[in-house]
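What the coordinates show
Here are the chains, one letter per residue:
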Amino acid sequence: MALMEDIVSLCKRRGFLFQSSEIYGGLQGFWDYGPLGVELKRNLKEAWWLDMVRGHNELRVPAGAPATYEMVGLDSTIIMHPQIWKCSGHFDMFHDYMVDCRESKKRYRHDQVRGRWVEFRDAKIFVTTLAEAEQEQEEVQRRALKFFKLRPKDADSLAFDGPSTTLDRVDEFERVLGPDAKELGTLTPPREFNLMFKTTLGALGGESDYAFLRPETAQGIFVNFKNVLDSTRVGLPFGIAQIGKSFRNEITPRNFTFRSREFEQMEIEFFCHPGDSQEWYRYWRDRRLAWYTSLGLAEGALQMREHDVAELAHYSVGTADIEYAFPFLAEGEYGELEGVAHRGDFDLRSHMEGKLDPTTDPMVVERDEHGKPRHRGSGRDLTYRDDLTGERFVPHVIEPSAGADRAALAFLCDAYDVDEAPDENGQLKKRVVMRFHPRLAPVKAAIFPLVKKDGMPELAGEIYGELKRKMAVDYDEKGAVGRRYRRQDEAGTPYCITVDGESLKDRTVTLRDRDTLQQDRIKIDELGAELERRIGC
């Protein structure tokens, strides 16, 4: 797999991703998508929406599904009534643990600081670092040598006890060397840090005017459950899908776009009968994993991990994470790409009755010292009545929740490749090629005139204009054809079309495949249909 630094360099060089506000020094945890990146992300979201919502056939039972079902969409607001976040549990429970360094005055997320126990003579300390996985051991050794006032040639005198681990697995903070500290024991005990961004509504800015930028898109779906039922003809089982921005005030955003403060989610809340919910959970878990492989993610880099009981969120009956082996992680480690959660009836009941107490089983409304609901619900009836049986119940919910930014990052990492291909002189040279699935590729085809004369640019321009009405295409007439090929390979363009002297005689062009390098002669009149067939439009 490619090094993360190579992928980050390509993203900046070719216009996939830029750090937000870069000319002012950047803003940590925020990223802008450049010309190629915005097309990649848009294609990813459109593929998700087509495959999950618009292209779904509610008249047929999909493979592996317990029954037919319907899918509809929603687009809810980023700022919603503050009571929503109290009933959902985010106001009280949506937090990470952080530690502060008394020496450096910096703040770190407790479970993201890594390190190793290092011994020298009679001393044993835990040396921490924020370095990426491939530099972690080198950085720990460098910091340990500096702390013990040793030279690089004395590295063999250090003894490493146990594998690398995270700070949240260490109890003896007095023996910890913080990531930016020179002395031991400078880190404070971990404490809770709410991840929601607070904002103010209106001009007065009093406490009653506080609101929050949504930390997830799911709650907008739950509070519109009844609106969707009343305004459409859907019946259980059915899903409501939404793509939208979410915001989390991450303590230490890191690993490129993997952990950002502003990100986009692609979520489905699937409502079903409680008796069928386990079957639907298994269906959505397996279907979502298959979706990533269908768009080209290497199966060997993906895994499905069921959460242990101790890991489950307070609302969860069961959760499985689809994980990807991102190159910034140590070998054998995976990062979450998508979570598929069985949320039971927690959300709809909470917005009906009030915040549920996660320590109770079965869960009941959490009460204050006066015996009243700690956070009151809406009081609206969010139950469902089956017209055929007359049964009334609170539906269970299955939630496939994917991050559009994490998915884009995974496809970027997976597509990056270096191989050898002939240059303009026929000599084999290394080339960087982004092997995107054609459905996701930012540019589907590039059109070249072989030379800038003899009518070739005019014919190439004609083809470019026709194809641009159907798909994203590029036109390039600068430099040797071999160099133009390499520019398109690095952008991930799956097909290149060359107009040459023969094209003017018989109206055929050369269609070159990015991955196989095979070249075929195609009639210009058949070019659009052939590209659509190959791309899968």
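Refer to the structure presented above.
Residues numbered from 1 in each chain as written. Predicted model: local features only at pLDDT ≥ 70, side-chain atom pairs only at ≥ 80, totals over all residues. Heavy atoms only, no water.

1. Concerning the sheet that holds strand β17 (residues 335-344)
Cut-off, in case you're wondering: Two strands make a pair as long as DSSP finds a minimum of two bridges between them. Put simply, DSSP H or I for four residues or longer makes a helix, DSSP E for two residues or longer makes a strand, and each gets a number counted from the N terminus. To obtain an axis, a line is fitted to C-alpha atoms, over the contacting stretch when the element is a helix, and the angle between two such axes runs from 0 to 180 degrees between their N-to-C directions.
Pairing within the open sheet is mixed, and its seven strands lie in the order β3-β13-β14-β20-β17-β16-β15. Each of the sheet's edge strands pairs with one partner strand only, and the pair in question is β3 (70-73) and β15 (302-306). Each neighbouring strand pair of the sheet contributes to a mean axis angle of 20°, computed without reference to strand direction. Bridge analysis of β17 against strand β20 (residues 396-403) gives six bridges, and the strand direction is antiparallel.

2. Digging into the nonpolar core
What counts is decided by this rule: Remark: nonpolar core denotes a set of buried residues (Ala, Val, Leu, Ile, Met, Phe, Trp, Tyr, Cys) joined through side-chain atoms within 4.5 Å. Burial classes follow relative accessibility: with a 1.4 Å probe on protein chains only, a residue under 20% of its type's maximum area counts as buried, one over 50% as exposed, and anything between as partly exposed.
Grouped together as the largest cluster of nonpolar side chains are 59 residues, with contacts concentrated most on W280, W284, Y292, Y324, F326 and L337. For this core, the elements supplying multiple residues, two or more each, are α1 (4-14), α2 (35-54), β14 (262-272), α8 (277-294), β16 (318-324), β17, β20 and α10 (404-415). Take this core: its biggest share by element is nine residues, from α10.

3. Details of helix α14 (residues 524-535)
Our working rule: Expected span of a helix, by definition, is 1.5 Å for each gap between consecutive residues, and there is one gap fewer than residues. Contacts are assigned to residue pairs that have any heavy atoms within 4.5 Å of one another.
Spanning 12 residues, α14 covers 17 Å between terminal C-alpha atoms, matching the ideal 16 Å at 1.5 Å per step. Turning to α14, its buried residues number three or more, namely I524, L527, G528, E530, L531 and I535. Residues of α14 that are buried sit in contact with β23 (445-449), α11 (456-468), β25 (495-499), β26 (508-513) and β27 (519-523). Trailing α14 by a residue or two, G536 shows a phi angle of about 90°, which is positive.

4. Section: the layout of surface pockets
Heads up, the condition is: Only protein atoms enter the 1 Å grid, on which a cavity is a set of points fitting a 1.4 Å probe that cannot get out and a pocket is an open set with protein on both sides within 12 Å along at least 5 of 7 lines, lining residues being those with an atom within 4 Å of a point. Grid points are joined across faces, edges and corners, and a volume is the space filled by probe spheres set on the points.
Considered as a void within the structure, the second largest pocket measures approximately 360 Å³ in volume. Residue lining of the second largest pocket: 15 residues in total, with V223, H351, S378, R380 and L382 positioned closest to the centre. Of all the elements in the fold, those that place two or more residues in the lining of the second largest pocket are α3 (82-88) and α7 (225-231).

5. Brief notes about a nonpolar patch on the surface
Using the following cut-off: Distance thresholds for patches are 9 Å for like charges and 5 Å for nonpolar side chains (Val, Leu, Ile, Met, Phe, Trp, Tyr), applied to residues having over 30% relative accessible area and no salt bridge. Methods summary: accessible areas were calculated by the Shrake-Rupley approach with a probe of 1.4 Å, and residue burial reflects only the protein chains presented. Take a side-chain nitrogen of Lys or Arg and a carboxyl oxygen of Asp or Glu: if they are within 4 Å of each other, that pair is a salt bridge.
Together, I78, I79 and L201 make up an exposed nonpolar region whose accessible area comes to about 210 Å². Note that I79 resides in the loop between β3 and α3.

6. As for the sheet that holds strand β8 (residues 159-166)
With mixed pairing, four strands are arranged side by side in an open sheet as β8-β6-β7-β9. A strand with exactly one partner marks an edge of an open sheet, and here the two such strands are β8 and β9 (176-177). In this sheet, β9 lies alongside strand β7 (residues 123-129) in parallel orientation, the contact comprising two bridges. Across the sheet, F126 pairs through a bridge with V176, a residue of β9.

7. Observations regarding helix α5 (residues 133-147)
Taking 1.5 Å per residue as the helical rise, α5 with its 15 residues ought to reach 21 Å, and the 21 Å between its terminal C-alpha atoms agrees with that figure. Where α5 is concerned, the buried positions are E136, V140, R143, A144 and L145. Elements in contact with the buried residues of α5: β6 (114-120), β7, β8 and β9. Phi turns positive one or two residues past the end of α5, at K149, with a value near 60°.

8. Regarding the packing of α1 against helix α12 (residues 481-491)
The test is simple: A crossing counts as left-handed when the near helix is turned anticlockwise from the far one by less than a right angle, and as right-handed when that turn is clockwise. Gly falls in the polar group here, along with every residue not listed as nonpolar (Ala, Val, Leu, Ile, Met, Phe, Trp, Tyr, Cys, Pro) or charged (Asp, Glu, Lys, Arg).
Running from N to C, α1 and α12 point in directions that differ by 115°, and their axes come no closer than 11 Å. For the pair α1 and α12, the crossing hand works out as left-handed. Facing α1, whose interface residues are L10, R13 and R14, α12 presents R487, E490 and A491. Split into classes, the residues belonging to the contact of α1 with α12 amount to two nonpolar, no polar and four charged.

9. Looking at the pattern of salt bridges
Here the structure, examined in full by the defined rule, presents 46 salt bridges. A salt bridge links D51 to R439, with the nearest nitrogen and oxygen atoms 3.2 Å apart. Residue D51 is found in helix α2, and its partner R439 is found in the loop between β22 (428-434) and β23; the two are separated by 388 residues along the sequence. Shared partners join several salt bridges into a network, and the residues in it are D417, D419, R431, R435, D489, R512, R514 and D515.

10. As for unusual backbone geometry
L236 connects to P237 through a cis peptide bond whose omega is -5°. The topology assignment puts P237 in the loop between α7 and β13 (238-247). Positive phi, normally seen in glycine, also occurs at K149, with a value near 60°. Even without a glycine there, the phi angle at R507 is positive, about 55°. On the secondary structure map, R507 appears in the loop between α13 (501-506) and β26.

11. Considerations on the packing of α2 against α8
Selection criterion: Angles below 35 degrees are treated as roughly parallel, those above 145 as roughly antiparallel, those between 65 and 115 as roughly perpendicular, and all remaining angles as oblique.
At a minimum axis distance of 12 Å, the contact between α2 and α8 shows a crossing angle of 140°. On the basis of the axis angle, α2 is oblique to α8. The element α2 and its partner α8 pack so that their crossing is right-handed. Across the interface between the two elements, L44, A47, W48, D51 and M52 of α2 pack against W284, R287, R288 and W291 of α8. Residue classes in the contact of α2 with α8 are distributed as six nonpolar, no polar and three charged.

12. What to know about the packing of aromatic side chains
Put simply, the test is: Working definition: rings of Phe, Tyr and Trp (its six-membered ring) pair if their centres are within 6.5 Å, and the pair is stacked with planes under 30 degrees apart, edge-to-face with planes over 60 apart, and tilted otherwise. Only Lys NZ and Arg CZ are tested; either one counts as a charge over a ring when it is within 6 Å of the ring centre and within 35 degrees of the ring normal.
Following the criterion strictly, the structure yields 27 aromatic pairs and no others. Here the aromatic rings of Y69 and F270 are separated by 5.3 Å at their centres, their planes lie at 90°, and the arrangement is edge-to-face. In this pair, Y69 is assigned in the loop between α2 and β3 and F270 in strand β14, connecting sequence segments 201 residues apart. Ring geometry for F238 against F271: centres 5.4 Å apart, planes inclined by 35°, an arrangement best described as tilted. Of this pair, F238 sits in strand β13 while F271 is found in strand β14, placing the two residues 33 residues apart along the sequence. Across the pair, exposure class does not vary: F238 and F271 are buried alike. Of the aromatic side chains, those joined through ring pairs into one cluster are Y69, F270, W280, Y283 and W284. The cationic tip of R285 hangs over the ring face of Y281; the distance from NZ or CZ to the ring centre is 6.0 Å.

13. Concerning the environment of R374
Within the secondary structure, R374 is located in the loop between α9 (346-353) and β18 (384-385). Spatially, the C-alpha atom of R374 lies 8.9 Å from that of C87, the residues being 287 residues apart in sequence. Not counting residues up to four positions away in its chain, the partners in contact with R374 are D92, E366, R367 and D368.

14. Notes on the state of the cysteines
Selection rule: Any cysteine sulfur atom paired with another within 2.5 Å is treated as part of a disulfide.
Enumeration over the complete set of coordinates arrives at zero disulfides. Cysteine C413 shares no disulfide, and the gap to the nearest cysteine sulfur, in C11, comes to 7.8 Å.

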